[in-house]
Amino acid sequence: MTKLQHDILNILRNDGSVSKEEIAKTLGRTPEEIKKELRDMTDKGIIVKYIAVVNDEKADEDTVEALVEVKISSEKSTQFDKIAAKICKFPEVKDVFLMSGSYDLSVAVVGKSLREVSRFVQENLAQVDTVISTATHFILKCYKMSGVTIDTTKK
């Protein structure tokens, strides 16, 4: 990656809604140069998606999120990529990370209720043929997400 691409990414990591014109002005470049670099980084899979960080409490989103620790059978531990790809296909799965430590995968799951998330873990996630155990931790409140401190005061 070029220095310009690193500089663009640093700006976008701070605020993904910044326009090409604003990035260009900040970096002393033309909007056309920025557009070309953004297209190149998207084509290479460096930039995957632009998202908004949303305070679900203030948006009155009635969803439940859980972090699930997943242990994989030791004889299948060389196939983490295949197992993770299988888990990623479930629409309830928000994030999947390979972990070091006492479990292998960390899976963020979203549902409409505790029961729905529990049912998904029991009927789907725990049934993946190489999964030997799961431990589900329900998120009660979010204080910081994607590097942004969430205002938890009600308005």
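Structure first, text after, so check above.
Every chain's residues receive numbers from 1 upward, in the order its sequence appears when written. Totals for whole chains, interfaces and linings use all residues, but because this is a predicted model, local features are given only for residues with pLDDT of at least 70 and pairs of side-chain atoms are given and counted only at 80 or more. Side-chain numbers here rest on the full set of heavy atoms in the structure, without hydrogens or water.

Trainee: When you look at the sheet that holds strand E2 (residues 93-98) in this model, what are you seeing that I'm missing?
Mentor: If DSSP finds at least two bridges between two strands, the strands pair. Segments assigned H or I by DSSP are reported as helices when at least four residues long, segments assigned E as strands when at least two residues long, and all are numbered from the N terminus. Strand order in this open sheet of four strands is E2-E3-E1-E4, and the pairing throughout is antiparallel. Strands at the two margins of the open sheet, each flanked by one partner only, are E2 and strand E4 (131-138). Averaged over all neighbouring strand pairs, the angle between strand axes comes to 20 degrees, with direction disregarded. Note: strand E1 (residues 64-72) against strand E3 (residues 105-111), seven bridges, orientation antiparallel. In this analysis an axis means a line fitted to C-alpha atoms, helices contributing only their contacting stretch, and an angle means the value between N-to-C directions, from 0 to 180 degrees.

Trainee: Help me understand the environment of Leu-140 in this model?
Mentor: Along the chain, the position of Leu-140 falls in the loop between E4 and strand E5 (144-145). Since its relative accessible area comes to 82%, Leu-140 is described here as exposed. Between the alpha carbons of Leu-140 and Ala-66 there is a distance of 8.8 Å; along the sequence they are 74 residues apart. Residue burial is assigned from relative accessible area. The probe radius is 1.4 Å, only protein chains are included, and a residue is buried under 20% of its type maximum, exposed over 50%, and partly exposed in between.

Trainee: Looking at this model, I keep getting lost on helix H5 (residues 114-123). Mind explaining?
Mentor: What sets the pattern is the α-helix's 3.6 residues per turn: residues three or four places apart point alike. Considered for burial, the residues of H5 that qualify are Val-117, Phe-120 and Val-121. Buried residues of H5, seen end-on, are gathered within an arc of 95 degrees and therefore sit on one face of the element. Projecting away from the buried face of H5 at angles above 90 degrees are the exposed residues Arg-115 and Gln-122. Between two residues, a contact is recorded if the distance between any of their heavy atoms is within 4.5 Å. Buried-residue contacts for H5 involve E1, E2, E3 and E4. Think of it as the arc spanned by the lines of direction from the helix axis to the C-beta atoms.

Trainee: Would you explain a negative patch on the surface in this entry?
Mentor: Residues Asp-15, Glu-21, Glu-22 and Glu-32 make up a contiguous surface patch of negative charge. Within the fold, Asp-15 resides in the loop between helix H1 (3-14) and helix H2 (20-27). Candidates for patches are residues over 30% relative accessible area with no salt bridge; among them, like charges are joined within 9 Å and nonpolar side chains (Val, Leu, Ile, Met, Phe, Trp, Tyr) within 5 Å. Note on areas: Shrake-Rupley, 1.4 Å probe, and residue coverage restricted to the protein chains presented here. We define a salt bridge as a side-chain nitrogen of Lys or Arg found within 4 Å of a carboxyl oxygen belonging to Asp or Glu. Charge counting follows a simple rule: Lys and Arg are positive, Asp and Glu are negative, and His as well as the terminal groups are ignored. To locate a charge, take NZ of a lysine, CZ of an arginine, CG of an aspartate or CD of a glutamate.

Trainee: I would appreciate a short explanation of helix H3 (residues 31-43) in the present structure.
Mentor: Here H3 contains 13 residues, and its C-alpha end-to-end distance of 18 Å stays within 8% of the 18 Å for a straight helix at 1.5 Å per residue. Turning to H3, its buried residues are Ile-34, Glu-37, Leu-38 and Met-41. For H3, the angular spread of the buried residues around the axis is 100 degrees, confining them to a single face. In H3, the exposed positions that point more than 90 degrees away from the buried face belong to Glu-32 and Asp-43. Downstream of H3 by one or two residues, Gly-45 has phi in the positive range, about 80 degrees. Under the convention used throughout, the expected extent of a helix is 1.5 Å for every residue step, that is, one less than its residue count.

Trainee: Quick question: what am I supposed to make of the pairing of E3 here?
Mentor: Note on strand geometry: in a regular strand, side chains alternate between the two faces of the sheet. Counting buried residues along E3, six of its seven residues qualify, which places the element largely inside the surrounding structure. Here five bridges tie E2 to E3, and the two strands are oriented antiparallel to one another. Considered in E3, the bridge of Val-93 is made with Val-109. Connecting E2 to the next strand, E3, in antiparallel fashion are six residues, including Gly-101 with a positive phi near 110 degrees.

Trainee: What is the right way to look at the pattern of salt bridges in this model?
Mentor: Enumeration over the complete set of coordinates arrives at seven salt bridges. Between Glu-37 and Lys-36 there is a salt bridge, with its nearest N and O atoms 3.8 Å apart. Residue Glu-37 is classed as buried on the basis of its relative accessible area of 13%. Taking the relative accessible area as the measure of exposure, Lys-36 reaches 48% and is therefore partly exposed. For Lys-94, the salt bridge identified is with Glu-65, shortest N-O distance 3.3 Å. Note that Lys-94 is positioned in strand E2 and Glu-65 in strand E1, a separation of 29 residues in sequence.

Trainee: Any chance you could explain the packing of H1 against H2 here in plain terms?
Mentor: Two quantities define a packed helix pair, namely the angle between the helix axes and the distance between the axes. The interhelical angle for the contact between H1 and H2, taken along N-to-C directions, is 125 degrees, at an axis separation of 11 Å. In terms of orientation, H1 and H2 fall into the oblique class. The hand of the H1/H2 crossing is right-handed. Together, Leu-4, Asp-7, Ile-8, Ile-11 and Leu-12 of H1 and Ile-23, Thr-26 and Leu-27 of H2 make up the contact between the two elements. Gly counts as polar in this scheme, as do all residues outside two lists: the nonpolar Ala, Val, Leu, Ile, Met, Phe, Trp, Tyr, Cys and Pro, and the charged Asp, Glu, Lys and Arg. For the contact of H1 with H2, a count of residues per class yields six nonpolar, one polar and one charged. Roughly parallel here means an angle under 35 degrees, roughly antiparallel means over 145, roughly perpendicular means 65 to 115, and every remaining angle is called oblique. Take the far helix as the reference: if the near one is turned anticlockwise from it by less than a right angle, the crossing is left-handed, and if turned clockwise, right-handed.

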